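Now for the letters of each chain:
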Amino acid sequence: MIESIISMELPAGGHLAIRRNRICPEQETKQCRRISLVSGIHGDELEGQYICYETARRVKEHPEYLKGIVDIYPALNPLGIDMASRTVLRLEMDMNRMFPGDASGDMMERITAAVVDSIIGSDICMDLHASDIFVREIPQVRLSEDFAEALLPYAKMTNADMIWMNATATVHESTLAHSLNLLGVPTLVLEMGQGHDIHRSFGNQIVDGIFHIMSEMGIWEGPEPVVQEPAVSSDGEVEFIRSAVDGVFLPLIEHNHYVKKGDLIGEVVDPFEGTVKQQIRTERGGLLFTLRAYPVVYEGDLLARILTE
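Residues numbered from 1 in each chain as written. Predicted model: local features only at pLDDT ≥ 70, side-chain atom pairs only at ≥ 80, totals over all residues. Heavy atoms only, no water.

(A) Main features of the side chain of Ser233. Inspection of the secondary structure puts Ser233 in strand β10 (residues 231–234). Looking at Ser233, the relative accessible area reads 2%, which means it is buried. (Helix = DSSP H or I, 4+ residues; strand = E, 2+ residues; numbered from the N terminus. Buried < 20%, exposed > 50% of the residue type's maximum accessible area, 1.4 Å probe, protein only.)

The following block contains the structure:
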């Protein structure tokens, strides 16, 4: 898979072998465990770019601690990233609905098959995503119910704020995560932040989780970051709050806050009439983990999600 090898001596006195998208000890062995970081499937989701950068930067800062393999795939949909497009340009197709691909199929089927083939053999894979431009998410792991039992121990080590089990976005059979999990590669879907943007605090939080996992797996022997215990949910415990009217949404609270039943979290206003068209109140208490970021809303648009108590 990888032909060219660059041996890099670093200030800390250690050495790394840089092989295209792979960072590993200079003396890589078959016993080395391997983590793969995947980002850029959707070109408008950029939070993973910072996570890939910061992971590589920390590894290169202390190469003497690296005892395994770190594979980084920062841009599976590079043209989409260039044009800030969720889909594959010209085809207008969602790349994350094309896995596991087909090595003898059309162009995109061959590309997705090659991606899967490259990641196969990893001991764990982190599939990094962001929200769209309309809502902002706290760092969370989304697990399909089919693989939740096997993946939950890994998910709890990611330093995410919550784990959303059976989240609809992860159960589609043609996603990268679903395909890799079927093929025996434990794969976590992480979602955070907002489309077209990067939140360094979210990224640093998840990078700490990545190094915690790497430490637990023997890939990293440096100081092990302390991670938090995430809230764990299922679809039945998440309240969706939607707008009942058209207008401009003005939030009155930041997300990642706990709210009580009946709390006022925002208003939908009419900028022409100068009136409040709808007050947005919670029907149940819990953790506000999704909040509308794009102000213009129409009837039925998602305003917030709450992990109920």
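(B) Here's a closer look at helix α4 (residues 148–155). Burial in α4 covers these residues: Ala148, Leu151, Leu152 and Ala155. Taken around the axis of α4, the buried residues stretch over an arc of 120 degrees, which confines them to a single face. Residues Glu149, Ala150 and Pro153 are exposed on α4 and point more than 90 degrees away from its buried face. (Arc of directions from axis to C-beta.)

(C) Representation of the sheet that holds strand β14 (residues 264–270) in the model. Pairing within the open sheet is antiparallel, and its 4 strands lie in the order β15-β14-β12-β17. Edge positions in the sheet fall to β15 (275–281) and β17 (296–297), since each has one partner strand and no second. With 6 bridges joining them, β14 and β15 adopt antiparallel strand pairing. When the sheet's bridge partners are listed, Gly266 is paired in β15 with Ile280. (Pairing = 2+ DSSP bridges.)

(D) Region of the structure containing the pairing of β14. Of all 7 residues in β14, 5 are buried; the element is thus mostly enclosed. Sheet topology note: the strand β12 (residues 247–251)/β14 ladder contains 4 bridges and is antiparallel. Looking across to β14, one finds that Phe249 is bridged to Val268. Following β14, the chain reverses through 4 residues before pairing antiparallel with β15; Gly274 in that reversal takes a positive phi of roughly 70 degrees.

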